[in-house]
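Close look at the chain arrangement
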Amino acid sequence: MWRPWAGRVRPAAGWATMIRVENHTTRPHHVAIVGSGPSGFYAAAALLDAAASEGPDVRVDMFDRLATPWGLVRAGVAPDHPKIKSVSAQYDKTARREGFRFFGHVHLGDDPAEPGVVTRDELLERYDAIVYAVGSQTERRLGIPGEDLPGSIASVDFVGWYNGHPDYVDLAPPLDTERVVVIGAGNVALDVARMVLLTEADLRATDTADHALDALVGSGVREALICGRRGPVQASFTTTELRELADIDDLGVVVDPEQVPAGIADDDTLAKGTRRNLEILRGFAESGPDPDARQRMEFRFYRSPVEIRGDGKVEEIVLGVNRLETDDSGRTRAVDTGERETIPTGLVLRAVGYRGLALPGVPFDEDTGTVPHTEGRIGEHSDDHRREYVVGWIKRGPTGIIGTNKKDANETVRHLLADLAEQTPVEHPDDVEDWLRDRCPDLVDQTGWEAIDAHERGRGEPGGRPRVKVVDRDELIKVSRP
Ligand SMILES: Cc1cc2nc3c(=O)[nH]c(=O)nc-3n(C[C@H](O)[C@H](O)[C@H](O)COP(=O)(O)OP(=O)(O)OC[C@H]3O[C@@H](n4cnc5c(N)ncnc54)[C@H](O)[C@@H]3O)c2cc1C
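Residues numbered from 1 in each chain as written. Predicted model: local features only at pLDDT ≥ 70, side-chain atom pairs only at ≥ 80, totals over all residues. Heavy atoms only, no water.

**Focus: the sheet that holds strand S5 (residues 100-104)**
Pairing within the open sheet is mixed, and its six strands lie in the order S20-S8-S3-S4-S5-S21. Unpaired on one side and paired on the other, strand S20 (388-390) and strand S21 (444-445) mark the two borders of the sheet. This element, helix H13 (residues 404-420), spans strand S3 (29-34), strand S4 (58-64), strand S8 (129-132) and S20 of the sheet and lies at about 165° to S20. This element, helix H14 (residues 432-439), spans S4, S5 and S21 of the sheet and lies at about 10° to S5. (Pairing = 2+ DSSP bridges. Helix = DSSP H or I, 4+ residues; strand = E, 2+ residues; numbered from the N terminus. Contact = heavy atoms within 4.5 Å. Axes fitted to C-alpha atoms, helices over the stretch in contact; angles between N-to-C directions.)

**With respect to the pattern of salt bridges**
Pairing between side chains of opposite charge can happen when the charged atoms of each approach one another. Tallied over the full model, the rule gives 48 salt bridges. Arg126 is the partner of Glu125 in a salt bridge, and the nearest nitrogen-oxygen pair spans 3.4 Å. Judged by relative accessible area, Arg126 falls into the buried class, the value being 15%. A salt bridge links Glu341 to Arg300; its shortest N-O distance comes to 3.2 Å. Highlighted residues: Glu341 in strand S17 (residues 332-344) and Arg300 in strand S14 (residues 295-300), separated in sequence by 41 residues. Taken together, the shared-partner salt bridges connect Arg179, Glu223, Arg296, Glu298, Arg300, Arg303 and Glu341 into one network. (Salt bridge = Lys/Arg side-chain N within 4 Å of Asp/Glu carboxyl O. Buried < 20%, exposed > 50% of the residue type's maximum accessible area, 1.4 Å probe, protein only.)

**As for the sheet that holds S17**
Ordered in space as S15-S16-S17, the three strands form an open sheet in which the pairing is antiparallel. Sheet topology places strand S15 (303-309) and S17 at the edges, where each strand pairs with a single neighbour. On average, each strand axis in the sheet is tilted by 20° relative to the strand beside it, whichever way the strands run.

**Overview of the site of the ligand**
Residues in contact with the ligand amount to 32 residues; listed here are only the nearest, Ser39, Asp64, Leu72, Trp393 and Ile402. Between the ligand and Pro38, the relevant distance is 3.5 Å, taken from an oxygen atom to a main-chain nitrogen or oxygen of the residue. The contact in question runs from a nitrogen atom of the ligand to an N or O atom on the side chain of His107, over 3.5 Å. Here the ligand has 1000 Å² of accessible area as a free molecule, and 93% of this is covered by the chains. At the level of elements, helix H1 (38-52), strand S6 (107-108) and helix H7 (187-197) are the ones that each hand at least two residues to the shell around the ligand. Partitioned by chemical class, the residues of the shell around the ligand number 17 nonpolar, twelve polar and three charged. When residues are assigned to domains, the shell around the ligand turns out to be shared by domain 1 (2-137 + 356-442) and domain 2 (141-349), each giving three or more. (Near = heavy atom within 4 Å. Polar contact = N/O pair within 3.5 Å; in protein donor to acceptor, adjacent residues only side chain to side chain. Areas by Shrake-Rupley, 256 points an atom, 1.4 Å probe, with all protein chains shown as cover. Nonpolar A, V, L, I, M, F, W, Y, C, P; charged D, E, K, R; others polar. Domains from an automatic or database assignment.)

**Considering the domain arrangement of the protein chain**
Here the protein chain is described as being made up of domain 1 (2-137 + 356-442) and domain 2 (141-349). Centre-to-centre, using C-alpha coordinates, domain 1 lies 35 Å away from domain 2. Summing the contributions of domain 1 and of domain 2, the shared interface buries around 1100 Å²; its carbon and sulfur component is 51%. On the surface where domain 1 and domain 2 come into contact, there are two salt bridges. Close ionic contact of Arg194 with Asp80 constitutes a salt bridge, the shortest N to O distance being 2.8 Å. (Buried area = accessible area lost by both parts, 1.4 Å probe.)

**Observations concerning a negative patch on the surface**
Residues Asp266, Asp267, Asp268 and Glu279 make up a contiguous surface patch of negative charge. Within the secondary structure, Asp267 sits in the loop between strand S13 (251-255) and helix H11 (272-287). For Asp267, a relative accessible area of 33% corresponds to the partly exposed category. (Patch = residues over 30% accessible without salt bridge, like charges linked within 9 Å, V, L, I, M, F, W, Y side chains within 5 Å. Lys, Arg positive; Asp, Glu negative; His and termini not counted. Charge placed at Lys NZ, Arg CZ, Asp CG, Glu CD.)

**Observations regarding the pairing of strand S12 (residues 223-227)**
Taking burial as the measure, the five residues of S12 include five buried ones, the bulk of the element. Across the two faces of S12 the burial is the same, with Glu223, Leu225 and Cys227 and Ala224 and Ile226 all buried. With five bridges connecting them, strand S11 (residues 179-183) and S12 associate as parallel partners. The partner of Val182 across the bridge, within S12, is Ile226. Where S12 meets S14, five bridges bridge the pair, whose relative direction is parallel. Bridged to Leu225 within S14 is Glu298.

Right under this line is the structure:
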């Protein structure tokens, strides 16, 4: 029999190269994927695709610390972007394939005595390989005084709150403020700014978690001020997200014409996407905000947060005014001019980036917040981790769009398959599921998740919403066991 992967350890080109199998065995390989976001699902699909063609017989068990799969597609992507969230249909398809199992409420941790926790060593005993797909679970810090005052909130928490992530249900952001200051000039900054400004009708059509929906509808917010450290040229918004602002009901967009002067988009040394963004921003600067709009979104570039102030809660933020300097390598950086602006506000949303968290027993680079690897293989950096791999944000950092994770996962899986072909499968006990159920009393399996999914969609139907999310852990368990 001819199989593509066996016979060499590090294929230089595509894994489909046909090579004779040296160590064929009839026992299937079992792969544990930790994390059920896009990267985990793309890795699972690539493994099952290989198994379905001429690859090794591979079974996939996917674990998530939450009861629900899809990672940031459920708990990150903005609720007013249902089309983007609909990518989850692909993941459902993968989940229904033979050889795939989902186990929610299983946390990869370090204390096996803690209910719901399994350890790396325990997985290595039972699986031929582990793929870490855990994303970037925390925030980058600003490192300024007042950052931890009540009312200064990381976008990780705020986004989790409105998307119904069970960890953030009790956040209670102070929305009784007229102005929200958003720090950051990327898509997450735009998402959170939009979410605090959307009209009631727009919000009620989404799957925003009910606790957040009520708070946002009743909020006193009229303005979101988006502050970018550098200029409009360096901002990392995507064109679609900028362009859609013009179509949002009751929203006036404010851009200072001096910050985005006429002709700024004509520089043909700039990337096409950047030039399109500059044209859109320039359009906003020229037209000015709709005078009838009740809500206002203002972009203010060349501003860095210097201090957040208040008596027991956020009352104002001090911004430093920057100018740009380009160094010899062509890198543009913001330099403080010493000038200051003080802006009254009750809510500061910090959207300056996500950051990975170290996993127990797994190498971690503190500088980048990622797991060191070579094309997804952790074993290239540490002999003790020869059967461990990474995909997605924990592999390459919090960049790129959902689709970027597919190419990234394919790269890792290509190497994983080549390595599996060199390995004799480990003894994978038949009773892994019993072991898991014993260790994780709140376990939610694929059938349980499908029950949650159907329940949420059903609850959404009468109001014309995609779903009404269940956010309470106990209720999730109850619904998963009808
Ligand atoms: C606010 C926001 C909005 C975004 N909007 C868009 C958009 O509109 N369009 C777009 O293309 N991209 C968007 N993205 C980017 C996209 O969400 C990411 O590219 C993608 O989710 C990264 O996938 P991932 O699998 O690496 O991580 P994640 O999606 O974060 O998935 C990681 C999973 O691992 C689980 N996990 C973590 N630790 C453990 C553990 N110890 N044990 C068990 N499970 C664990 C988590 O619960 C989670 O389910 C957005 C990102 C953010 C933050």
